[in-house]
Amino acid sequence: MNTSNRWHDIYTKLRYSPLVLDQRSHRRDIMRYIVLVGLCMFGVVHSQAHAATKTLPSQLIKKLQSRLETAHKNGQLAGTSVGVVYKGKLVWQWHKKPKGTKGSNPNANTYYRIGSISKVLTTSLLAQMWQRGEVTPDTPVSTTLPKAVKLPSKPGGWPYMTFHHLATHTSGLASMPANITPKKGDPYNGYTKKQLFSGIPYEKLVLPIGRKYMYSNLGMGLLGVALAQKANRNYEALVKERILHPLGMNNTFMTPQKRYIPQGFAGPQCRVPTTPWNFGALAPAGGWISNLNDLAKFVSFQMKKDAKSPLTSATLREMQRIRQVIGISNGRIIGGIGLGWTIFPVQGTKARLVMHNGKVSGSYGFVGFSPETQVGLIMLSHCTQSRDKIAVTALNSMIRQLSGAKKQAPVATNTSQRAFFKRFCGLFKQQVTQKEIQALYHKAFLSQIPATKLQKLFGFFAKKYGTCIASRIFRRPQPNRWIVGFQFKKHYRTGLLIQLSSTPTPQVVLMKFLMRPQKIPGTPKAATSRPTTKP
């Protein structure tokens, strides 16, 4: 077994259970959102930003623009459009083309593949059909499908699958169908409705129905197909008729026809060209295309009902109500799922951060808003790389300031606690000894993960990211529990949850990684030496 595999085994034991965008990364991203929102609590042409209105905190807009400019300068953004919505209007925009490329910048009408943001278009259709009395969240999905199509079940859960289960990712279905045949560069490969109906009876549920949250593209795709079956209409035409056209979202579609969709890219520097995915029957989970102007209308609609709104205020509240809890801290709900939306109560306020993101081949998107403060943020990019950290941090700051939330006081620490984490930082070196580890770790911890394995863990970190050069305490969520950030010599950082014993000489009794090591924005790249050649 090589070093990388040994590291993976240890890291898997020490980090939170995989909490994934689209196919494999959404539950992990949900945990990142919880961490980001927690840490946030402490704390005019198209080539430039459009001016913000005086009603929004100008310093927050400037901070967002600064972060975007830095990411673009470092080559971390492809063609990107960002907009802020306030009280029903798109009040600020920022557009940039990929660094070092020719041509014009994108604009508010540039098209982007929005990936899993498509899911909230599908759940909006569910809410509209519920409002009209055609279905309810408790309607069994099987009643809308052909009689020959039987849905799977599993002991220990609900006896049948409902629309609520599909919309809240509690159906127990896997992320992707078992009978799908992916091809290189396209995991969906035009999956057909015939394949869906023939394969769904034989799907093995990962969890009992209604038991627990499990993100499922298959489940959301089935939701869209079932709603279209109930209305006896084509899914795309139905969403356009019931949701998009009443809102004036005439540039949101699934079938491009002759419209130009810019090239998408992947990779850390957004330089690898990609090919679009063909979602087929699973398009309700990720197949829509839109632009900044249309998504601004959608965010405005979700925050406030007007005369053109296809949903009443009561129905919107039902969409944005937590129906499935995904995070609890000290007995307080810190994250949940509504009808498609992911919802985070913003600490210290009565406001919520309601959001969804999307990441597909060559595209990334984020939409988020707060109904209480009437502010929302949209971020779209022609690059697969997630930019959730920028979006969530900026939106959370706007919500807190508009809510009048007081700035969190610094975490009270004493000299011994700071000294302990400074010593802990010193463990991240290639020649760390078992004696050094045993001095800082409680024997109960070492009985689960021996000091020899921790040696490999710290050695791996030091080799890949450099030695630890600084530690910083961010938050104390519980007595003796600390959220601590560590910075490494090669310009990386990570966050850990550490619990200390109550003994006179504190020792680590719990350690969990909150996120993978991340490159510190704005840091220079490592210099590479090139051999000199004689002429």
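Above this text sits the structure in question.
Residues numbered from 1 in each chain as written. Predicted model: local features only at pLDDT ≥ 70, side-chain atom pairs only at ≥ 80, totals over all residues. Heavy atoms only, no water.

Participant: Summarise the overall build of the protein; cite the residues concerned and give the values.
Facilitator: Looking only at helices and strands, one finds 15 helices and 17 strands in the protein. When the 535 residues of the protein are sorted by exposure, 54% land in the buried category. For the protein, the accessible surface area stands at approximately 24400 Å², while carbon and sulfur atoms represent 52% of it. (Helix = DSSP H or I, 4+ residues; strand = E, 2+ residues; numbered from the N terminus. Buried < 20%, exposed > 50% of the residue type's maximum accessible area, 1.4 Å probe, protein only. Areas by Shrake-Rupley, 256 points an atom, 1.4 Å probe, with all protein chains shown as cover.)

Participant: So what about the pattern of salt bridges? Which residues, and what values?
Facilitator: As enumerated under the stated definition, the model contains ten salt bridges in all. Glu436 is paired through a salt bridge with Lys429; the nearest N and O atoms lie 2.8 Å apart. Overall, Lys429 belongs to the partly exposed group, its relative accessible area being 28%. Taken together, the shared-partner salt bridges in this structure form one network comprising Arg132, Glu134, Arg233, Glu241 and Arg242. (Salt bridge = Lys/Arg side-chain N within 4 Å of Asp/Glu carboxyl O.)

Participant: Please provide a residue-by-residue account of the packing of helix α3 (residues 58–73) against helix α11 (residues 388–402), values included.
Facilitator: Contact geometry of α3 with α11 gives a least axis separation of 10 Å together with a crossing angle of 175°. The orientation of α3 relative to α11 falls into the category roughly antiparallel. Here Gln59, Leu60, Ile61, Leu64, Arg67, Leu68 and Ala71 of α3 lie close against α11, whose contacting residues are Ile390, Thr393, Ala394, Ser397, Met398 and Gln401. Split into classes, the residues belonging to the contact of α3 with α11 amount to eight nonpolar, four polar and one charged. (Axes fitted to C-alpha atoms, helices over the stretch in contact; angles between N-to-C directions. Parallel < 35°, antiparallel > 145°, perpendicular 65-115°, else oblique. Contact = heavy atoms within 4.5 Å. Nonpolar A, V, L, I, M, F, W, Y, C, P; charged D, E, K, R; others polar.)

Participant: Would you mind going over the packing of aromatic side chains in detail, with residue names and values included?
Facilitator: This model, assessed by the stated rule, comprises 25 aromatic pairs. For the pair Phe428 and Phe458, a centre-to-centre distance of 4.9 Å together with 90° between the ring planes defines the contact as edge-to-face. In this pair, Phe428 sits in the loop between α12 (415–425) and α13 (434–440) while Phe458 sits in helix α15 (residues 451–465), placing the two residues 30 residues apart along the sequence. For the pair shown, Phe428 and Phe458 are each scored as buried. When the centroid spacing of 5.8 Å and the interplanar angle of 45° are considered together, the rings of Phe428 and Phe486 count as tilted. With Phe428 in the loop between α12 and α13 and Phe486 in strand β14 (residues 481–488), this pair connects stretches of sequence that are 58 residues apart. We classify Phe428 as buried; its relative accessible area is 1%. (Phe/Tyr/Trp six-rings, centres within 6.5 Å; stacked < 30°, edge-to-face > 60°.)

Participant: Pulling in residues and values, what's your account of the nonpolar core?
Facilitator: Grouped together as the largest cluster of nonpolar side chains are 71 residues, with contacts concentrated most on Trp341 and Ile378. In contact with Ile378, not counting residues within four places along its chain, are Ser81, Val82, Gly83, Val85, Leu292, Leu295, Ala296, Val299, Phe366 and Val367. Formed by 32 residues, the second largest nonpolar core is a distinct cluster that contains Phe424, Leu427, Tyr441 and Ile498. (Core = buried A, V, L, I, M, F, W, Y, C linked by side-chain atoms within 4.5 Å.)

Participant: Quick rundown of the packing of helix α4 (residues 118–131) against helix α7 (residues 217–231)? Include the residues and the values.
Facilitator: Following both chains from N to C, one finds α4 and α7 inclined at 40°, their axes separated by 10 Å at the closest point. With respect to α7, the axis of α4 lies oblique. Regarding α4 and α7, the two cross each other, and that crossing is left-handed. Taking contact as the criterion, the partners of Lys119, Thr122, Thr123, Leu125, Leu126 and Met129 in α4 are, on α7, Asn217, Met220, Leu223, Gly224, Leu227, Lys230 and Ala231. Among the residues making up the contact of α4 with α7, the classes are represented as seven nonpolar, four polar and two charged. (Left-handed = near helix turned anticlockwise from the far one by under 90°.)

Participant: Account for the pairing of strand β11 (residues 363–370), naming residues and giving values.
Facilitator: Counting buried positions along β11 yields eight of eight residues, so the element is predominantly enclosed. Pairing of strand β10 (residues 352–360) with β11, which is carried by seven bridges, proceeds in the antiparallel orientation. From the neighbouring strand, Val360 faces β11, where its bridge partner is Ser363. What sits between the antiparallel neighbours β10 and β11 is a turn of two residues, in which Gly362 has the positive phi angle 80°. Bridging between β11 and strand β12 (residues 375–381) involves seven bridges; their strand directions are antiparallel. Bridge pairing in β12 places Phe369 opposite Gly376. (Pairing = 2+ DSSP bridges.)

Participant: Let's hear about α4: which residues, and what values?
Facilitator: Between the first and last C-alpha of α4 there are 20 Å, a value that for 14 residues agrees with the 20 Å anticipated at 1.5 Å per step. With twelve of its 14 residues buried, α4 lies for the most part within the structure. Turning to α4, its buried residues number three or more, namely Ser118, Lys119, Val120, Leu121, Thr122, Thr123, Ser124, Leu125, Leu126, Ala127, Gln128 and Met129. Tucked into the core, α4 has its buried residues touching α5 (163–167), α7, α8 (235–247), α9 (292–303), α10 (313–319) and β10. Gly133, located one to two residues past α4, shows a positive phi value of around 85°. (Expected span 1.5 Å × (residues − 1).)

Participant: I'd like a rundown of the pairing of β14, residues and numbers included.
Facilitator: Taken across its eight residues, β14 has six buried, putting it largely inside the fold. Bridge count between strand β13 (residues 468–478) and β14: seven bridges; the pairing is antiparallel. Its bridge partner lying in β14, Ala470 is registered against Gln487. A loop of two residues connects β13 with β14, the two strands running antiparallel in sequence, and Asn480 in this loop sits at a positive phi of about 70°. Counted along the chain from β14 to the antiparallel partner strand β15 (residues 492–500), the turn is three residues long, and its residue His491 has a positive phi close to 70°.

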